[in-house]
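# A look at the structure
Okay, here's what each chain looks like letter by letter:
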Amino acid sequence: MIKFDGYTRLVTFKNIDNQSIIEVHGQNIPKKNRSCIFCGNENAKFTKVAHAVSETIGNKSLISHFECDECNQQFGKMFEDDLGKYMLPYKIITKTFGKSNQLSSKDMPKEDGISYRTYRIQMNKNKPVMENSKVKALIIEKKNTGIIKLDKNKIDISIPRQHYFPPSIYCSFLKMAYSIMPLDLYPQYVNHIAVLQQLSSENSIYKSIEEKREIMSSMENCGLFCFFPGQNPLNGINVILWKNIDLNEREYPHILFTLEMKNFAFTIPVIRDDENGIYKMPKFSSNIEMQYGTLDFKNEEKVFKCEMSGEIIDIMDYKLLESELRKNNLLK
Ligand SMILES: [Zn+2]
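Heads up: these notes are all about the structure in this document. (Residues numbered from 1 in each chain as written. Predicted model: local features only at pLDDT ≥ 70, side-chain atom pairs only at ≥ 80, totals over all residues. Heavy atoms only, no water.)

## Some details on the overall build of the chain
Helix and strand counts for the chain come out as five helices and 17 strands. For 332 residues, the compact-globule estimate of 2.2 N^0.38 gives 20 Å, and the C-alpha radius of gyration of the chain, at 22 Å, lies within 12% of that figure. Pairs at least 24 apart in sequence give 71% of the contacts found in the chain among residues at least 6 apart. Charged side chains of the chain number 45 positive and 41 negative; the gap between the two group centres comes to 5 Å. (Helix = DSSP H or I, 4+ residues; strand = E, 2+ residues; numbered from the N terminus. Rg over C-alpha atoms; globule rule 2.2 N^0.38 Å. Contact = heavy atoms within 4.5 Å. Lys, Arg positive; Asp, Glu negative; His and termini not counted. Charge placed at Lys NZ, Arg CZ, Asp CG, Glu CD.)

Now the structure itself:
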């Protein structure tokens, strides 16, 4: 597990990928008494369930009573698509399913009659990808496409991403951080929260998508990426807010947000209204094996590369496999 020097855990929610519903602030207040932490609109409606952390990354349990229907819908519209595209490789590798029970990645065909151009990755949560088989995941690629490279006992895998707008990912993580933040801290972040709300709003002070993108591009858009090898070393999907308790250390932000996803951890600075320009990441360490790098939400990362351990088995009957794939519409 990762630890930051001078920081302590302020909020932790573990295993939000399990099904038991938790209200993020532990408050079961009636709908008519609720207020929205994002828009503050007095007439806001609370008829839908608002997920405090996006369902796209596997949150099944953490909900918020302080996010209105309108904000919920507009955050989803503005950021969810980019977040889904960015996170897809991590979801495939950690077998994390969002709203649907299927994950897939492929490039679009040039000709009719084939369902992909050079590669197709498909993973099912429950049912096999082919009839008469137990296989729940497969990668098919045209020779030399470079999606998988096999070595003796390891597999190099490259998962392409569809085009996304990188600063959207920082905004998506920020939205999760604000959603789990203790209510008494909101006054110190209120200007930043208002900017995020206006970026997603259709009736925004920002007139065009270009203006919104300019604002988003000027945000911190950085963080720390960690990879922990092994089988689910971080125990599911967890979200954490860290608080700086080193009073002499004003160089680092007061709050950090971490999203842990089984093998991966994403940490971003959450900037307080009086902290503009302070987004240096503190020193960190881990008690288990870890690799790390910088999160860069200024540039698009078109392909995610990763090395996995695996075993190569001989398939005796390629003809049979091919006909099974064709029968199941996985090869045309
Ligand atoms: Zn609202």
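## Examining the coordination of the zinc ion
Coordination of the zinc ion by the protein is provided by C36 (SG), C39 (SG), C68 (SG) and C71 (SG), with metal-donor distances spanning 2.3 Å. Coordination at the zinc ion is tetrahedral, judged from the four donor atoms that bind it and the angles of 106 to 115 degrees they form at the metal. Under the relative-accessibility criterion, C36 is labelled buried at 4%. The class for C39 is partly exposed, based on a relative accessible area of 30%. (Donors = N, O, S within 2.8 Å, 3.2 Å for Na, K, Ca; no water. Tetrahedral: all angles 85-135°; square planar, octahedral: opposite > 155°, others 65-115°. Buried < 20%, exposed > 50% of the residue type's maximum accessible area, 1.4 Å probe, protein only.)

## Details of the pattern of salt bridges
For the coordinates displayed, the defined rule picks out eleven salt bridges. Across the pair K154 and E307 runs a salt bridge, and its minimum N-O distance is 3.9 Å. Within this pair, whereas K154 is found in strand β10 (residues 154-160), its partner E307 is found in strand β17 (residues 303-309), the two being separated by 153 residues in sequence. Its relative accessible area of 24% is what places K154 among the partly exposed residues. For E307, a relative accessible area of 51% gives the class exposed. For the salt bridge of D274 with R272, the shortest nitrogen-to-oxygen distance reads 2.8 Å. Judged by relative accessible area, R272 falls into the buried class, the value being 15%. Salt bridges linked by common partners bring K154, D156 and E307 together as one network. (Salt bridge = Lys/Arg side-chain N within 4 Å of Asp/Glu carboxyl O.)

## Focus: the sheet that holds β17
The strand order across the open sheet built from three strands is β9-β10-β17, with neighbouring strands paired in antiparallel fashion. Here the strands that pair on one side only, and so sit at the sheet edges, are β9 (148-150) and β17. Going from strand to strand, the sheet's axes swing by 15 degrees on average, the running direction of each strand aside. Of the pairings in the sheet, the one linking β10 to β17 comprises seven bridges and is antiparallel in character. For I157, the partnering residue across the bridge sits in β17 and is C306. Relative to the sheet, helix α1 (residues 69-94) contacts β10 and β17, its axis offset from that of β17 by approximately 15 degrees. (Pairing = 2+ DSSP bridges. Axes fitted to C-alpha atoms, helices over the stretch in contact; angles between N-to-C directions.)

## Focus on unusual backbone geometry
One non-glycine residue, K95, lies in the positive phi region at around 50 degrees. Along the polypeptide, K95 turns up in the loop between α1 and β6 (102-106). A relative accessible area of 52% places K95 in the exposed class. Of note in the backbone geometry, N144 takes a positive phi value of approximately 65 degrees without being a glycine. With respect to the secondary-structure elements, N144 resides in the loop between β8 (137-141) and β9. The class for N144 is exposed, based on a relative accessible area of 76%.

## What about the packing of aromatic side chains?
Inspection of the entire model under this criterion finds 20 aromatic pairs. Taken together, a centroid distance of 4.8 Å and an interplanar angle of 75 degrees make the contact between F38 and F75 edge-to-face. With F38 in the loop between β3 (22-23) and β4 (50-51) and F75 in helix α1, the pair connects residues that are 37 residues apart, well separated along the chain. Here F38 matches F75 in class, with each residue buried. Among the aromatic residues, those joined into a ring-pair cluster are Y86, Y90, Y164, Y170, F173, F225, F227, F264, F266, F297 and F304. One residue, R213, lies across the ring of F165, its end atom 4.2 Å from the ring centre. (Phe/Tyr/Trp six-rings, centres within 6.5 Å; stacked < 30°, edge-to-face > 60°. Lys NZ or Arg CZ within 6 Å of the ring centre and 35° of its normal.)

## Description of the packing of α1 against helix α3 (residues 190-200)
It is the contact of α1 with α3, at a shortest axis distance of 8 Å, that shows an interaxial angle of 70 degrees. In terms of axis orientation, α1 runs roughly perpendicular to α3. Along its contact with α1, which presents C71, Q74, F75, M78 and F79, the element α3 presents L196, Q197, L199 and S200. Of the residues in the contact of α1 with α3, the class split is six nonpolar, three polar and no charged. (Parallel < 35°, antiparallel > 145°, perpendicular 65-115°, else oblique. Nonpolar A, V, L, I, M, F, W, Y, C, P; charged D, E, K, R; others polar.)

## A look at the pairing of strand β13 (residues 255-261)
Of all seven residues that make up β13, seven are buried, and the element is covered over most of its length. Of the two faces of β13, the one carrying I255, F257, L259 and M261 and the one carrying L256, T258 and E260 are both buried. With seven bridges connecting them, strand β12 (residues 237-244) and β13 associate as antiparallel partners. Following the sheet pairing, W242 is matched in β13 by L256. In the sheet, β13 pairs with strand β14 (residues 264-270) via seven bridges, with the strands oriented antiparallel. Each bridged residue has a counterpart across the sheet, and for M261 the counterpart in β14 is F264. Adjacent in sequence and paired antiparallel, β13 and β14 are bridged by two residues, among which K262 carries a positive phi angle near 55 degrees.

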